[in-house]
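# Fold and contact review
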Amino acid sequence: MSRADLPCFPLRPGRVHEVCGPSSAVFAACVGASLQGPVLWLREAWLTESLNPLGLLPFLDPARVLLARPPNQIDSLALAEEALKDGTIALVVLEITRPLDLREGRRLQLAAGAGATTGLCLIPEGMGSNAAETRWRATPIFDAAGMDSTPMRWEIIKNKMGTLGAWNVCWNAQAHRLDLVSPAGD
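Quick summary incoming for the structure in this document. (Residues numbered from 1 in each chain as written. Predicted model: local features only at pLDDT ≥ 70, side-chain atom pairs only at ≥ 80, totals over all residues. Heavy atoms only, no water.)

With that settled, the discussion passes to helix α2 (residues 73-86). In an α-helix there are 3.6 residues to a turn, and that puts residues three or four apart on one side. With 14 residues, α2 should reach 20 Å at 1.5 Å per residue; the first-to-last C-alpha distance of 20 Å fits that figure. Looking at the buried residues of α2, the elements they touch are β1 (16-20), β2 (39-42), β4 (91-95), α3 (102-115) and β5 (118-122). Sitting at the amino-terminal end of α2 is N72, which places a side-chain oxygen 3.2 Å from the backbone nitrogen of I74. Two residues or fewer after α2 comes G87, characterised by a positive phi angle close to 85 degrees. (Helix = DSSP H or I, 4+ residues; strand = E, 2+ residues; numbered from the N terminus. Expected span 1.5 Å × (residues − 1). Contact = heavy atoms within 4.5 Å. Polar contact = N/O pair within 3.5 Å; in protein donor to acceptor, adjacent residues only side chain to side chain.)

This part is about empty space enclosed by the protein. A full pass over the atoms with the stated rule returns two cavities of 30 Å³ or more. There is about 40 Å³ of room inside the largest cavity. For the largest cavity, the full set of lining residues is V16, E18, L100, G105, L108, Q109, C121, S129, A131 and A132. Among the secondary structure elements, those contributing two or more residues to the lining of the largest cavity are β1 and α3. Sort the elements by how many residues they give to the lining of the largest cavity and α3 lands first, with three residues. Of the residues that constitute the lining of the largest cavity, the class distribution is six nonpolar, three polar and one charged. If you add up the space inside the second largest cavity, you get close to 30 Å³. If you trace the second largest cavity, you find it lined by V16, A80, L84, V92, L94, L108, G119, L120 and C121. The element that contributes the greatest number of residues to the lining of the second largest cavity is β5, accounting for three residues. Among the residues forming the lining of the second largest cavity, the class breakdown is eight nonpolar, one polar and no charged. (1 Å grid on protein atoms, 1.4 Å probe; cavity = no way out; pocket = protein on both sides within 12 Å on 5 of 7 lines; lining within 4 Å. Points joined across faces, edges and corners; volume = space filled by probe spheres on them. Nonpolar A, V, L, I, M, F, W, Y, C, P; charged D, E, K, R; others polar.)

Right under this line is the structure:
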């Protein structure tokens with residue numbers, strides 16, 4: 001897949017982006033796979049579900065993933081801001097549980113710019129910050145033939161630097177890349 005085929009991916013570095021939808025964690029894993037260096041994944045400690053780093057194995061080496069479970073969103077934002085500003089982390093993934101106000105979103109953008117780091121907020125559907133560079137919706141696509149378990153539809157629903165669009169993609173674990181998939185015909 002060339003950059004022209006999916007013009008907004010990989011995500012623009014030095015900016016914070018958002019993704020919603022049931023495949024948002026897979027989207028984040030694909031972003032992490034497209035970058036070199038460590039990935040910091042922030043998820044509040046009170047959330048009952050947990051990220052299993054071995055589940056990321058088809059996408060990236062779990063040894064690259066640093067999991068942090070801060071007690072609340074305020075602490076998550078503080079950790080994300082420091083990691084983005086520092087510049088040693090390739091990707092900061094922040095799971096959001098309440099809407100960010102403009103000040104919080106802007107602070108994350110300034111930190112990402114200072115560290116030239118990519119930030120990605122996993123947000124619930126319908127939630128988002130005005131400060132986000134791009135906002136994506138990632139959803140699975142049902143494969144009636146059962147040939148592949150990973151087809152997804154990625155839609156860019158907000159883009160400060162370009163147009164909106166939608167792509168059917170599939171993670172190719174053997175080649176370690178995204179493949180564009182043509183929609184099934186009738």
